[in-house]
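Given next are the chains, with one letter for each unit.
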Amino acid sequence: MNVLHKPKKFKIVGQGIPVIDAREKVTGSLEYGVDFVLPRMVHGKIKRSTVPHARIKRIDVTRALALPGVLGVVTHEDAPGLNWMGVWDNYRGQILDGISRFVGDEVAAVAATSVEIADAALDLIDVEYEPLPAVLDVEKALLDDAPQVREEGNVRDEYRVVWGDLDEGETQADYVIDQEMRYKAQNYAGIGRNACICTWDGDQVSMWTSSQTPSELQTGIHQAFGIPMSNVRVVALPSGCSFGLWWSNNFMMVTALLARKVRKPVKIELTSQECMAAVKRRHIEITRGRMGVAKDGTLTMADFSHLMDNGAYGFKTDVYFFCCDLWGGARNGDYRVRGVNTNLVTSGCMRAVGDITMGLAVERLADKCAHKVNMDPLEFRIKNQIKSGQQLRMQEPRQHMKGNLTDYIDGLTEEQTGNWPKMFHLSSGSTHELLLKGAEKFRWHERWKGWGVPTRVNGSKRRGVGVGTGAHCCGVEFGGNTSSVVRLNHDGSVNVFSAAGRQGQGSETTLVQVAAEEMGVPVEKVSIVTGDTYVVPWASGSSASTTMFRTGWATREACRDAKTQLLKIAAREFFDGIDHEKLDIEDGIIRVADDPADNRRIAIDELMNVLCSDSLSQTSVITGRPNGVMPPTIAFARQWAAQFAEVEVDVGTGEIRITDYLAGQDSGTVMNPKVLKNQVIGGAICGAGFVLYEGMEFDPSDGRVLNDSLLDYKLLRTGDFPSDPEVFFVESQDPVGPFGARGAGESPAAAAGPAICQAVHNAIGVWVDVPMTPETVMRAIKENEGPKAMAS
Amino acid sequence: MTRLNVNGQSFDVDVKAHEILSDVLRNQLGLIGVKVSCAEGECGSCTILVDGVPATACLMLGRQGERHEITTIEGIGTHDELHPIQEAFVEEQGFQCGFCTPGFIMMAKAFLDENPNPTEEEASMAMSGNICRCGAHPYIVKSVLNAAERMQGRHESKRTTGSTGASA
Ligand code: FES
Ligand code: FES
């Protein structure tokens with residue numbers, strides 16, 4: 001039964017080669033933003049607001065400027081109207097605008113000859129605030145008379161996904177169950193911090209910083225300062241773990257503003273506290289839902305309404321939830337999402353945005369439905385989740401898209417859509433195969449004893465098993481197109497130029513594998529530049545699990561283009577004018593494909609040095625780029641995860657221990673199993689942290705982040721997660737993705753919570769709110785015992 | 001001048017009284033493998049060895065480094081000549097972003113010097129003082145066990161090639 005679409009013989013795709021920067025990482029020589037320095041560099045520090053909402057009445061920098069070593073100060077007076085909209089909705093605002101919208105918001109910045117002097121000067125800036133009423137609660141921010149955080153108002157347009165008719169779904173249901181789930185904000189808690197180094201020479205701006213999205217940052221600087229994009233160079237350095245944190249951030253714009261002021265290279269290095277309290281975080285979210293189920297286990301309706309806070313500068317209308325597609329088998333559905341602003345630190349896309357939160361609510365409610373009709377959670381998923389080829393539920397465009405996706409696609413000619421997969425239908429994969437294969441590996445049917453029934457009881461310790469599923473996109477096109485350029489050199493080596501981020505996901509390695517496979521050269525012959533906008537073509541960067549699917553597609557297409565050019569030359573100069581399509585390259589040698597009798601061979605480097613008959617010189621330029629555009633990926637591609645957990649809950653202390661873990665992933669063809677395994681388990685650990693420990697605490701009086709250090713914000717450590725989890729892959733090949741590959745990094749984070757929560761429920765018979773800290777577990781047990789005790 | 005013995009070499013450095021050791025090592029000696037994240041002793045990414053004992057460089061004053069043998073990741077192995085622990089981390093991919101990695105490797109060095117033949121549980125416990133936010137946890141533990149084998153000359157490099165059904 002495991003006969004999956006078996007890839008044709010790949011040479012490099014599927015190899016677990018070490019990531020290309022492995023040696024730099026283990027020797028500590030890899031340069032991140034914080035490590036980067038320039039000659040003559042000076043240091044910047046940011047003055048941050050101490051109040052949640054205020055207009056700056058007066059700001060006096062005289063005393064700061066008088067401090068020896070201070071080179072310049074910038075305030076909103078230096079930045080009138082400097083506005084960068086961000087290509088996405090994670091930050092929308094001016095660089096500095098004289099209004100502080102959360103405790104920690106940027107108010108001014110100082111450049112000085114040392115960090116210490118810059119720091120000392122911050123205290124010498126006198127700010128007089130005119131306090132404005134603040135709103136620190138996501139539900140209160142919705143009210144008509146709530147203080148408004150932004151000019152545009154607090155409340156964004158509702159984003160809605162609808163199919164069928166809820167009333168009908170309710171009639172078809174034998175049971176309707178409702179539920180509300182509330183989520184604290186998860187902190188990125190990025191190990192690695194960040195720094196930004198910027199120079200402003202004449203009309204040239206150069207910036208070095210850890211970023212997932214070099215091109216977007218280039219656009220941002222261009223927009224904010226009105227300088228031509230050709231004069232803006234962004235070098236995106238590798239980042240520590242990012243999860244969406246280091247994308248384009250306002251502190252980078254503040255650095256540019258300071259560099260413009262002092263005309264020297266300026267470095268602003270953020271402290272860990274700044275990273276954890278003043279940059280970005282996951283949204284605070286609330287999901288209310290109702291699901292209807294028929295006695296035979298058919299979901300008849302899914303009715304969800306979701307609220308999320310954007311903090312001060314986020315501007316999202318929805319959370320990019322693909323759980324509505326995952327549970328697309330529900331006959332009728334209505335998912336509504338609303339974003340509101342609050343006077344809290346900005347929030348934005350964090351790994352598996354939407355699917356880790358709303359997805360958990362949908363999974364839990366579906367579990368309750370399964371329980372009600374007494375169906376195995378695995379069977380229930382197989383019955384109600386989407387299958388390959390079926391219609392996707394999420395089809396409509398977002399607020400920031402021009403027009404409507406359906407209209408756009410309807411308007412395309414057949415020539416344009418020729419070999420596209422069927423739009424608005426799932427192109428490949430599903431949870432089905434994952435669940436079947438996983439059940440076998442995990443011995444699910446043996447270990448699952450029924451809803452709320454522990455697998456094993458040992459004193460106060462109860463074990464339970466759970467299964468959860470997760471979905472996410474494989475990149476979206478709203479942030480801009482994707483691209484890649486390749487260059488073939490005289491020695492047969494290949495350079496790949498792609499805008500992408502290096503946050504540890506290993507995509508520079510997997511992109512090299514794509515290029516080497518397509519070009520028919522060994523991996524060692526390919527090198528890649530991902531961060532420097534002076535050489536890479538503009539692309540939307542690494543977010544929304546884009547890189548393998550979209551940038552990988554572009555890289556393969558660019559290689560195809562270069563290869564065609566090369567083979568045409570080979571056909572003409574060496575193979576007596578044979579049709580170039582008959583030629584192929586293997587291990588850097590060009591030969592006639594599928595004809596073992598023909599023993600003509602020429603190596604790429606040899607051919608590149610042949611004096612050609614047309615030019616009488618060697619071929620000097622072979623540059624490949626994608627021909628044509630990639631179809632809109634939101635209209636067909638998804639990634640799937642199914643995970644199985646066993647937990648042990650101590651009903652005496654409320655402590656939860658994960659004792660066994662199995663993670664299945666369908667991201668299409670596996671480019672590099674080591675990289676993918678790490679992504680899958682890293683995702684599971686991120687999701688596990690979210691449901692077990694993590695949550696930001698805000699001061700109720702002014703919204704400041706109270707747990708802004710790793711001392712007070714608990715993360716999973718080794719020993720908190722099994723050291724020997726098993727990972728397996730289902731490789732349902734995608735028709736568009738490079739060699740059949742799709743996105744991977746986010747669905748694993750979405751599947752973990754549901755699996756662990758369900759396992760806890762099965763161990764102790766109670767659903768526990770997240771994060772399931774020992775106190776919460778104990779409270780849930782008590783509350784459950786209360787009425788029962790009374791009843792008996 | 002403060003004399004610091006780092007990675008087997010002596011340096012005379014001008015260290016101000018308030019200067020933190022990690023800053024001195026990074027900024028004055030260019031040892032950027034001393035990665036600083038939390039700067040408060042919590043994450044372990046700045047771990048160095050002081051006379052063979054692991055210490056968080058972000059919590060030490062530069063002058064406290066005097067009269068001790070300091071080892072940083074740069075003193076463990078080089079790009080061309082990796083230490084077996086580093087080789088093990090490469091092979092098991094005991095990292096993602098790599099920011100926490102030097103700290104984990106330094107911790108592993110001290111641990112394996114004490115306990116050359118650890119069980120999985122011991123290795124996992126020993127690594128739990130450091131934080132990896134990328135979630136490479138199981139592969140970090142595997143790296144430590146792999147390193148133990150290498151250091152005892154018992155290791156055969158395994159190759160991960162097939163693309164299906166890989167188990168962690
Ligand atoms: S940086 Fe020293 S322990 Fe975190
Ligand atoms: S590898 Fe990124 S924090 Fe550990």
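Residues numbered from 1 in each chain as written. Chains lettered and ligands numbered in written order. Predicted model: local features only at pLDDT ≥ 70, side-chain atom pairs only at ≥ 80, totals over all residues. Heavy atoms only, no water.

K.L.:
Could you clarify how one ought to interpret the domain arrangement of chain B in this entry?
P.N.:
One frequently used descriptor of interface size is the decrease in accessible area upon assembly of the parts. All names here are of chain B. Here chain B is partitioned into domain 1 (2-75) and domain 2 (84-151). Inter-centroid distance (C-alpha atoms) of domain 1 to domain 2 is 21 Å. Listed per partner, the contact involves 16 residues of domain 1 and 13 residues of domain 2. Between domain 1 and domain 2, roughly 1100 Å² of surface is buried when both sides are summed, and carbon and sulfur atoms account for 73% of that area. (Domains from an automatic or database assignment. Contact = heavy atoms within 4.5 Å. Buried area = accessible area lost by both parts, 1.4 Å probe.)

K.L.:
Help me understand helix H18 (residues 673-692) of chain A in this model?
P.N.:
Within an α-helix, residues lying three or four positions from one another point in the same direction, as the helix has 3.6 residues per turn. Across its 20 residues, H18(A) extends 28 Å between first and last C-alpha, which sits within 8% of the 28 Å expected from 1.5 Å per residue. For H18(A), the N-terminal cap is Asn672(A); the gap from its side-chain oxygen to the backbone nitrogen of Lys674(A) is 3.0 Å. (Helix = DSSP H or I, 4+ residues; strand = E, 2+ residues; numbered from the N terminus. Expected span 1.5 Å × (residues − 1). Polar contact = N/O pair within 3.5 Å; in protein donor to acceptor, adjacent residues only side chain to side chain.)

K.L.:
Can you help me understand the environment of Pro147(A) in this one?
P.N.:
Residues and elements named next belong to chain A. Of note, Pro147 is situated in the loop between strand E8 (126-131) and strand E9 (159-163). Take Pro147: its relative accessible area is 23%, and that puts it in the partly exposed class. For Pro147 and Asp699, which are 552 residues apart along the polypeptide, the C-alpha to C-alpha distance reads 18 Å. Setting aside anything within four residues of it in sequence, one finds Pro147 in contact with Pro133, Ala134, Val135 and Asn154. (Buried < 20%, exposed > 50% of the residue type's maximum accessible area, 1.4 Å probe, protein only.)

K.L.:
Can you help me understand the pattern of salt bridges in this one?
P.N.:
Any two side chains of opposite charge can pair, given that their charged atoms come close. All names here are of chain A. Under the defined criterion, the tally for this structure stands at 62 salt bridges over all chains. Across the salt bridge formed by Lys184 and Glu697, the nearest N and O atoms sit 2.8 Å from each other. Linking Lys184 in the loop between strand E10 (175-183) and strand E11 (195-201) with Glu697 in the loop between H18 and strand E29 (726-729), this pair joins segments that are 513 residues apart in sequence. Across the salt bridge formed by Glu648 and Arg657, the nearest N and O atoms sit 3.5 Å from each other. Accessibility expressed as a relative area gives 13% for Glu648, which makes it buried. What makes Arg657 partly exposed here is its relative accessible area of 43%. Salt bridges here are not isolated pairs; linked through shared partners, they connect Arg160, Glu170, Arg290, Asp303, Asp334 and Arg336. (Salt bridge = Lys/Arg side-chain N within 4 Å of Asp/Glu carboxyl O.)

K.L.:
What am I meant to see in unusual backbone geometry here?
P.N.:
Residues apart from glycine generally show negative phi values, whereas peptide bonds are mostly found in trans. Residue Pro771(A) follows Val770(A) across a cis peptide bond; omega there is -10°. Inspection of the secondary structure assignment puts Pro771(A) in the loop between helix H19 (747-764) and helix H20 (774-791). One non-glycine residue with positive phi stands out, namely Asp576(A), at about 50°. A positive phi angle, near 50°, is found at Asn7(B), a position not held by glycine. Relative to the elements of secondary structure, Asn7(B) occurs in the loop between strand E1 (2-6) and strand E2 (9-13). Assessed through its relative accessible area of 26%, Asn7(B) is described here as partly exposed.

K.L.:
I would appreciate a short explanation of the environment of Lys45(A) in the present structure.
P.N.:
All names here are of chain A. With respect to the helices, strands and loops of the structure, Lys45 is situated in strand E1 (residues 42-48). Put simply, Lys45 and Val254 are 209 residues apart on the chain and 9.7 Å apart in space, counted from C-alpha to C-alpha. Not counting residues up to four positions away in its chain, the partners in contact with Lys45 are Ala108, Ala109, Val110, Val115, Ala118, Asp119, Leu122, Ile268, Glu269, Thr271 and Glu274.

K.L.:
What am I meant to see in the interface of chain B and chain A here?
P.N.:
Each partner contributes to the interface: chain B provides 57 residues, whereas chain A provides 68 residues. Across the chain B to chain A interface the summed buried area is about 5300 Å²; carbon plus sulfur atoms make up 53%. Counting every contact that joins chain B to chain A gives 5 salt bridges. Between Arg717(A) and Glu42(B) there is a salt bridge whose closest N-O contact spans 3.1 Å.

K.L.:
What am I meant to see in the sheet that holds strand E25 (residues 601-603) of chain A here?
P.N.:
Strands belonging to one sheet form pairs held by backbone hydrogen bonds; the direction of such a pair is parallel or antiparallel. All names here are of chain A. Ordered by their spatial adjacency, 3 strands build an open sheet running E23-E24-E25, and the pairing between neighbours is antiparallel. On the outer flanks of this sheet lie strand E23 (583-586) and E25, each paired with one strand and no other. Neighbour-to-neighbour, the strand axes of this sheet turn through a mean angle of 30°, independent of strand direction. Here 3 bridges tie strand E24 (residues 589-592) to E25, and the two strands are oriented antiparallel to one another. Considered in E25, the bridge of Ile589 is made with Ala603. Packing against the sheet, helix H16 (residues 547-573) makes contact with E23 and E24, and its axis sits at approximately 115° to E23. (Pairing = 2+ DSSP bridges. Axes fitted to C-alpha atoms, helices over the stretch in contact; angles between N-to-C directions.)

K.L.:
Help me understand the sheet that holds strand E27 (residues 638-650) of chain A in this model?
P.N.:
Residues and elements named next belong to chain A. Spatial strand order, E18-E19-E27-E28-E29: 5 strands in an open sheet with mixed pairing. Two strands in the sheet have a free side with no partner beyond their single neighbour: strand E18 (456-458) and E29. Neighbour-to-neighbour, the strand axes of this sheet turn through a mean angle of 25°, independent of strand direction. Where E18 and strand E19 (residues 461-473) come together, 3 bridges link them in antiparallel fashion. For Asn458, the partnering residue across the bridge sits in E19 and is Lys461. Of the strands in this sheet, E19 and E27 touch helix H10 (residues 377-384), which is tilted by about 15° from E19. Along the sheet, helix H13 (residues 432-442) contacts E19, E27, strand E28 (656-666) and E29; its crossing angle with E27, the most-contacted strand, is approximately 30°.

K.L.:
Quick question: what am I supposed to make of the packing of aromatic side chains here?
P.N.:
For any two aromatic rings, the description comes down to two numbers: the centre-to-centre distance and the angle of the planes. Residue and element names in this part refer to chain A. Considering all chains together, one arrives at 21 aromatic pairs over all chains under this definition. Geometrically, the ring pair formed by Tyr159 and Phe321 is edge-to-face, given 6.1 Å between the ring centres and 70° between the ring planes. Residue Tyr159 is found in strand E9, and its partner Phe321 is found in the loop between strand E16 (299-311) and helix H8 (323-326); the two are separated by 162 residues along the sequence. The class for Tyr159 is buried, based on a relative accessible area of 5%. Relative to Phe644, the ring of Phe442 has its centre 5.4 Å away and its plane inclined at 35°; by these criteria the two rings are tilted. Placement of the pair is Phe442 in helix H13 and Phe644 in strand E27, with a sequence separation of 202 residues. For the pair Phe442 and Phe644, a shared accessibility class is recorded, and that class is buried. Taken together through their ring pairs, the aromatic side chains of Tyr159, Trp163, Phe304, Phe321 and Tyr335 make up a single cluster. When the ring centre of Phe442 is taken as reference, the NZ or CZ atom of Arg447 above it lies at 4.0 Å. Lys714 extends its terminal NZ or CZ atom over the ring of Tyr693, reaching a point 4.5 Å from the ring centre. (Phe/Tyr/Trp six-rings, centres within 6.5 Å; stacked < 30°, edge-to-face > 60°. Lys NZ or Arg CZ within 6 Å of the ring centre and 35° of its normal.)

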